[in-house]
Amino acid sequence: MYHRDLNVWKASMDLVQQVYALTESFPSEERFGLSSQLRRAAVSVPSNIAEGCGRGTNKDLSHFLDMASGSLSEVETQVLIAKNLGYVNDTAELENEIAVVQKLLVGFRKHINDNI
């Protein structure tokens, strides 16, 4: 299975771009704090999907999809922290994209787990 063909990978790549755009507006003192952590968590989502696909077994893929889901939960939490700190005002579009990726991940994990 090639990760670049997966809708969940494509959507998570879009999410990375949105996170990078969002963090551009963060205060400069957050460059090595919340901004960096949020970017790393976002990058981890498609990276884990890709790594799982590259491992060759559904058991390995399921494990990496679990890690991608955990990273996505980090992204969601950190976006809400940024909003609560007043670094951004409107996160609705990003929160919607997070929900889309989460639904795709859940569905894909279920499909993979049903075939282990």
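Residues numbered from 1 in each chain as written. Predicted model: local features only at pLDDT ≥ 70, side-chain atom pairs only at ≥ 80, totals over all residues. Heavy atoms only, no water.

**Student:** Can you walk me through the overall build of the protein chain in this structure?
**Tutor:** In terms of regular secondary structure, the protein chain is built from four helices and zero strands. The helix and strand sequence of the protein chain, counted from the amino end, reads α-α-α-α. Its C-alpha atoms give the protein chain a radius of gyration of 15 Å, near enough to 13 Å, the size a compact globule of 116 residues would have. Buried positions account for 41% of the 116 residues belonging to the protein chain. The contacts of the protein chain with a sequence gap of at least 6 include a subset with a gap of at least 24, amounting to 70%. By element, 49% of the accessible surface of the protein chain is carried by carbon and sulfur atoms, the whole surface being about 6,600 Å². Each charge class in the protein chain was averaged separately, 11 positive and 15 negative side chains, and the resulting centres sit 5 Å apart. (Helix = DSSP H or I, 4+ residues; strand = E, 2+ residues; numbered from the N terminus. Rg over C-alpha atoms; globule rule 2.2 N^0.38 Å. Buried < 20%, exposed > 50% of the residue type's maximum accessible area, 1.4 Å probe, protein only. Contact = heavy atoms within 4.5 Å. Areas by Shrake-Rupley, 256 points an atom, 1.4 Å probe, with all protein chains shown as cover. Lys, Arg positive; Asp, Glu negative; His and termini not counted. Charge placed at Lys NZ, Arg CZ, Asp CG, Glu CD.)

**Student:** Would you mind showing me how to read the pattern of salt bridges here?
**Tutor:** Side chains that differ in sign of charge can pair as their charged atoms come close. Applying the stated criterion across every chain, the model contains four salt bridges. We note a salt bridge from Glu24 to Arg39, for which the minimum N-O separation is 2.9 Å. Residue Glu24 is found in the loop between α1 (7-23) and α2 (34-55), and its partner Arg39 is found in helix α2; the two are separated by 15 residues along the sequence. In this structure, the salt-bridge partner of Arg55 is Glu51, at a minimum N-O distance of 2.6 Å. One end of the pair, Arg55, and the other, Glu51, are both in helix α2, four residues apart, so they sit about a helical turn from each other. Accessibility expressed as a relative area gives 44% for Arg55, which makes it partly exposed. (Salt bridge = Lys/Arg side-chain N within 4 Å of Asp/Glu carboxyl O.)

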